[in-house]
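# Inside the fold
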Amino acid sequence: MPSQELHNANFPVDTLGRTYHVEVKPGDVANRIITVGDPARAKQLSKSLDEVVFEHMSHRGFLTITGIYRGVPISIIAIGMGFANMDFFIREVRAIVDGPMSVIRLGSCGSLSKPKPGDIIVADSTYGIVRNFDYFTDSSSPSDKPYIISKDCSANPGLNNLLKDNLLKKVSADSVFFGSVGSADSFYSSQGRLDPTFHDDNQTLIQDLIKDHPDRIALEMEAHMLYHLANCSKAPGKAIKASCVLMVYMDRTGNGVITPQQAKQSLEICTKSILDTLVEDLLDQQKVRTILMFE
Ligand code: R1P
């Protein structure tokens, strides 16, 4: 539970000025952000910063680490898993950061096509795969489908291209792939994993997703909410640029799984590429007022 008294039921903030779930206040988070799922991955990434100036684990498990890389403030935020946690993170961080933000997600995914475990994917676009609750009720109509597939949402082209350039400086072109990434509301049913315990009707989901869509190359659980909210962030001076790089952990058609050595190597390549991308990204410098107390 929160350690401080809260105010404002519409957008709760505690007596220290911190947001309810991520527990950050103005000055804690940089405009340039790497977001990951796993707190251990965030800690590993933070070892590549030149200096760490702020670190906080919230009562809901959001870990924020802010530091300096090549003279530029950067935050690394571990959010856990799923659409809801991406929503908490983006809305609460957007509320306390001044000026534009660039956010790159570094996650893991399952491949639906050529990329093999150990390869790297940049999400040019994303789409959502959401369980249709009504389909699974007795009163479902014959036109209901078990999963609702959304239209695509694009990455920020400038940030995404810079990220690709930086990856291709570090790794051969045959292990980096670009395409459309599906973000599902379950690791299991809406990613086509079969589980006889539940009524899921997902036996043909993967084939249905990739049929006529060769660009749909991977599945994970957060990138679409990031791209969607970035595209919906319209307040003046509060734009969000988003991109996403994914380490292929599993091959969903061939059944392969990444080795610890491949995972380590993949993480090292992605870490350096993302940090360089965020430093080189042109944000509106006059609006960057972050971590003034440390400058
Ligand atoms: C599932 O194991 C988790 O791994 C993937 C999925 O999106 C989901 O969050 O991403 P992360 O490695 O970033 O957590």
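Along each chain, residues carry numbers from 1 onward, in the same order as the chain's sequence is written. Reporting in this predicted model follows two pLDDT cut-offs: at least 70 for local features of residues, and 80 or more for side-chain atom pairs to be given and counted; totals over whole chains, interfaces and linings ignore these cut-offs and use all residues. With hydrogens and water stripped out, all remaining heavy atoms of the structure feed into the side-chain values.

Attention shifts here to a nonpolar patch on the surface. Grouping into patches uses exposed residues only, defined as over 30% relative accessible area, and leaves out salt-bridged ones; the cut-off is 9 Å for like charges and 5 Å for nonpolar side chains (Val, Leu, Ile, Met, Phe, Trp, Tyr). Computed with a 1.4 Å probe, the accessible areas rest on the Shrake-Rupley method; for each residue, only the protein chains presented here act as cover. Only one rule defines a salt bridge in this text: a Lys or Arg side-chain nitrogen within 4 Å of an Asp or Glu carboxyl oxygen. Side chains of Phe 187, Tyr 188, Met 250 and Val 257 sit close together on the surface and give an oily, nonpolar patch of about 380 Å² of accessible area. Labels follow the DSSP assignment, with helices taken as runs of H or I lasting at least four residues and strands as runs of E lasting at least two, numbered in each case from the N terminus. With respect to the helices and strands, Tyr 188 occurs in the loop between strand 11 (176-184) and helix 4 (205-210).

Attention shifts here to the confidence of the model for the chain. The pLDDT value tells you how sure the predictor is about a given residue, anywhere from 0 up to 100. Per-residue confidence for the chain averages 95 on the pLDDT scale, and 96% of its residues sit at or above 70. Below a pLDDT of 50 lies the segment residues 286-295, which in the model reaches 20 contacts outside its immediate sequence neighbourhood of four places, other chains included. When checking whether two residues touch, look at their non-hydrogen atoms; a contact exists if any pair is within 4.5 Å.

Side chains of nonpolar character tend, in soluble globular proteins, to be buried together. In this text, buried Ala, Val, Leu, Ile, Met, Phe, Trp, Tyr and Cys residues form a nonpolar core when linked through side-chain atoms within 4.5 Å. The buried label goes to any residue with under 20% of its type's maximum accessible area, the exposed label to any with over 50%, and the partly exposed label to all in between, with areas taken from a 1.4 Å probe on protein chains only. Counting residues in hydrophobic clusters, the biggest one holds 36 residues, and the most contacted among them are Phe 89, Val 93 and Ile 121. In this structure, Val 93 is in contact with Val 22, Val 24, Val 29, Ile 33, Ile 77 and Met 101, ignoring residues within four places of it in sequence. The next biggest cluster of nonpolar side chains, apart from the first, holds 30 residues, and it includes Leu 45, Ile 65, Ile 74 and Leu 159.

So, about unusual backbone geometry. In this structure, Asp 212 takes a positive phi of about 65 degrees despite not being glycine. Within the fold, Asp 212 resides in the loop between helix 4 and strand 12 (216-220). By relative accessible area, which is 65% here, Asp 212 ends up exposed. Even without being glycine, Asn 255 reaches a positive phi, approximately 75 degrees. Among the structural elements, Asn 255 can be located in the loop between strand 13 (240-251) and helix 6 (260-280). Residue Asn 255 is classed as exposed on the basis of its relative accessible area of 69%.

With that settled, the discussion passes to helix 2 (residues 83-96). A turn of α-helix holds 3.6 residues, and therefore any two residues three or four places apart point the same way. Taking 1.5 Å per residue as the helical rise, helix 2 with its 14 residues ought to reach 20 Å, and the 20 Å between its terminal C-alpha atoms agrees with that figure. Turning to helix 2, its buried residues number three or more, namely Phe 83, Asn 85, Met 86, Phe 89, Ile 90, Glu 92, Val 93, Arg 94 and Ile 96. Here a helix's expected span is defined as the number of its residues, less one, multiplied by 1.5 Å.

Looking now at the site of the ligand. Around the ligand, the neighbouring residues are Gly 37, Arg 41, Met 81, Arg 105, Gly 107, Ser 108, Phe 187, Glu 220, Met 221 and Glu 222. Residue Arg 41 places a side-chain N or O atom 3.0 Å away from an oxygen atom belonging to the ligand. Between the ligand and the protein, one listed contact pairs an oxygen atom with a side-chain N or O atom of Glu 222 at 2.6 Å. Bound to the protein, the ligand loses 84% of the 340 Å² it would expose on its own. Tallying contributions element by element places strand 7 (residues 101-111) first for the shell around the ligand, with three residues. Following the grouping adopted for this structure description, the nonpolar residues are Ala, Val, Leu, Ile, Met, Phe, Trp, Tyr, Cys and Pro, the charged ones are Asp, Glu, Lys and Arg, and the polar ones are all others, Gly among them. A breakdown of the residues in the shell around the ligand according to their chemical character gives three nonpolar, three polar and four charged. Distances are taken per atom, and a residue is near a molecule or strand as soon as one of its heavy atoms is within 4 Å of it. Polar contact is defined as a pair of N or O atoms within 3.5 Å, subject to the rule that within protein one atom must be able to donate a hydrogen and the other to accept it, and that residues adjacent in sequence are counted only when both atoms are side-chain atoms.

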